[in-house]
Amino acid sequence: MQKLPLFARSLFLILALVVAQSAFSWGLIGHRVVGRIAQSHLSKKAKKEIKKLIGSESLAWWANWPDFIKSDSTNKIKDPWHYVDLPGHMPKDSFIAALKLLPGKNLYTQIIEMKKQLGDYSLPVTQRREALYWMIHMIGDLHQPLHVGRDEDQGGNKITVYWFGQKTNLHSLWDTKFIESQSFSYSEYASELDIRSREENEALSAGTLEDWFADSHEASDRIYDASPDEAKLGYQYIYQFKDLLDTQLHKGGLRLAKILNEAFD
Ligand SMILES: [Zn+2]
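Definitions and cut-offs
- Residues numbered from 1 in each chain as written.
- Predicted model: local features only at pLDDT ≥ 70, side-chain atom pairs only at ≥ 80, totals over all residues.
- Heavy atoms only, no water.
- pLDDT = per-residue confidence, 0-100.
- Contact = heavy atoms within 4.5 Å.
- Phe/Tyr/Trp six-rings, centres within 6.5 Å; stacked < 30°, edge-to-face > 60°.
- Buried < 20%, exposed > 50% of the residue type's maximum accessible area, 1.4 Å probe, protein only.
- Lys NZ or Arg CZ within 6 Å of the ring centre and 35° of its normal.
- Pairing = 2+ DSSP bridges.
- Helix = DSSP H or I, 4+ residues; strand = E, 2+ residues; numbered from the N terminus.
- Axes fitted to C-alpha atoms, helices over the stretch in contact; angles between N-to-C directions.
- Core = buried A, V, L, I, M, F, W, Y, C linked by side-chain atoms within 4.5 Å.
- Salt bridge = Lys/Arg side-chain N within 4 Å of Asp/Glu carboxyl O.
- Arc of directions from axis to C-beta.

S.K.: Now, about the confidence of the model for the protein chain: what can you tell me, with residues and values included?
M.R.: Summarising the model, the protein chain shows a mean pLDDT of 92, and 91% of its residues fall at 70 or more. Considering only residues more than four positions removed or in separate chains, one finds that residues 12-22, a stretch of pLDDT under 50, has four contacts.

S.K.: I'd love a proper account of the packing of aromatic side chains, names of residues and values included.
M.R.: Tallied over the entire structure, the rule returns 14 aromatic pairs. With a centroid separation of 5.0 Å and 80° between ring planes, the pair formed by Trp 163 and Phe 164 is classed as edge-to-face. The class for Trp 163 is buried, based on a relative accessible area of 6%. Taken together through their ring pairs, the aromatic side chains of Trp 163, Phe 164, Trp 174, Phe 178, Tyr 235, Tyr 237 and Phe 241 make up a single cluster. Taking NZ or CZ as reference, Arg 150 lies 4.1 Å from the ring centre of Tyr 224, over its face.

S.K.: Mind laying out the sheet that holds strand β4 (residues 166-169), listing which residues take part and the relevant values?
M.R.: Read from one edge of the open sheet, three strands run β4-β3-β5, paired in mixed fashion. The two strands at the open ends of the sheet, each matched to only one other strand, are β4 and β5 (231-233). Taking the axes of each pair of neighbouring strands and ignoring which way they run, one obtains an average angle of 35° across the sheet. When strand β3 (residues 160-163) meets β5, the two strands line up parallel, connected through three bridges. For Val 161, the partnering residue across the bridge sits in β5 and is Ala 231. Lying over the sheet, helix α9 (residues 170-180) contacts β3, β4 and β5, oriented at roughly 110° with respect to β4.

S.K.: I'd love a proper account of unusual backbone geometry, names of residues and values included.
M.R.: Located in the positive-phi region is His 89, a residue other than glycine, with phi close to 50°. In this fold, His 89 is placed in the loop between β1 (84-85) and α6 (92-101). Of note in the backbone geometry, Ser 183 takes a positive phi value of approximately 55° without being a glycine.

S.K.: So what about the pairing of β3? Which residues, and what values?
M.R.: Across four bridges, β3 lies against β4 in antiparallel orientation. Along β4, the bridge assignment pairs Thr 160 with Asn 169. Between β3 and β4, which pair antiparallel one after the other, the connecting turn spans two residues, and Phe 164 there sits at a positive phi close to 50°.

S.K.: Explain the nonpolar core to me, and be specific about the residues and the numbers.
M.R.: By size, the foremost hydrophobic cluster in this structure holds 71 residues, and its most contacted members are Ile 111, Leu 170, Trp 174, Phe 213, Leu 256 and Leu 260. Looking at which element gives the most residues to this core, the answer is helix α13 (residues 235-263), with twelve residues. Filtering out sequence-adjacent residues up to four positions away, Leu 256 remains in contact with Val 34, Gly 35, Ala 38, Leu 59, Met 135, Ile 136 and Ile 139.

S.K.: Please provide a residue-by-residue account of the pattern of salt bridges, values included.
M.R.: According to the stated counting rule, one finds ten salt bridges in the structure shown. As a salt-bridge pair, Glu 202 and Arg 198 come within 3.5 Å of each other at their nearest N and O atoms. One end of the pair, Glu 202, and the other, Arg 198, are both in helix α11 (residues 198-204), four residues apart, so they sit about a helical turn from each other. Among the ionic contacts, a cluster of salt bridges with common partners joins Asp 215, Lys 251 and Arg 255.

S.K.: Outline the side chain of Asn 64, supporting the account with residue identities and numerical values.
M.R.: Turning to its location among the elements, Asn 64 is positioned in the loop between α4 (59-62) and α5 (65-68). Not counting residues within four places of it along the chain, the set of residues in contact with Asn 64 comprises Gly 27, Leu 28, His 31, Arg 32 and His 137.

S.K.: Talk me through α6; I want residue IDs and the actual numbers.
M.R.: By the burial criterion, the buried members of α6 are Phe 95, Ile 96 and Leu 99. Buried positions in α6, seen along its axis, are confined to an arc of 95° and lie on one side of it. Across from the buried face of α6, at angles greater than 90 degrees, the exposed residues are Asp 93 and Leu 101. Structurally, α6 contributes buried residues whose contacts are with β1, α7 (107-118), β2 (148-149) and α12 (209-226).

Okay, structure coming up:
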């Protein structure tokens with residue numbers, strides 16, 4: 001790239017980032033919003049233990065690491081840690097039963113596993129530090145409803161939609177394009193969302209991990225119903241789903257704090 005003028009090099013970098021980002025979950029901003037909100041709701045104990053693992057670096061800083069390591073083929077085996085796929089419109093009880101029966105390692109099994117590792121002080125610091133990176137990221141993925149989507153369309157990846165005329169797919173729309181259309185930085189977005197009372201926050205982070213999965217799956221049903229293949233989406237869609245998007249990001253942050261506070265308790 002040395003021979004290219006500066007503007008061309010910058011353009012190349014921007015293009016590389018755009019291409020790379022389309023393969024990421026919740027996108028850079030979404031994961032950081034979740035991390036930033038969680039940071040303000042950590043217990044004293046959790047803050048102390050997290051400091052031992054990452055010093056003064058923030059949760060938002062590490063929120064996207066598990067997507068970056070995907071580029072190394074030796075980590076391919078961990079791709080299923082980012083999602084679960086289940087049939088749509090299931091009653092909650094059958095959904096939870098099916099979630100628990102999914103074979104192999106997945107978003108659900110690994111959240112449980114990373115929580116265990118974080119609280120196991122006999123494990124090496126390096127291992128617990130990685131468990132923390134994963135936990136920050138996976139609680140974000142759990143709240144992108146299409147990471148708790150359907151198998152037949154790979155969580156919306158196979159559903160083509162047009163976002164303000166631009167061809168994309170439903171998964172990618174919810175990972176990045178919808179969030180980016182709000183034009184907030186991650187810290188602006190987090191502070192706009194994190195304004196509720198203690199009681200409201202407790203209600204948003206109530207329930208078990210299984211309830212949270214069922215919650216996201218139900219949200220994914222709403223999204224699927226409103227976004228068929230070849231749908232043309234724009235302002236009306238923002239009006240319809242902005243509240244869901246905001247709530248998912250907000251819940252993600254509060255619930256990440258809750259699970260970290262429990263893990264280090
Ligand atoms: Zn992910």
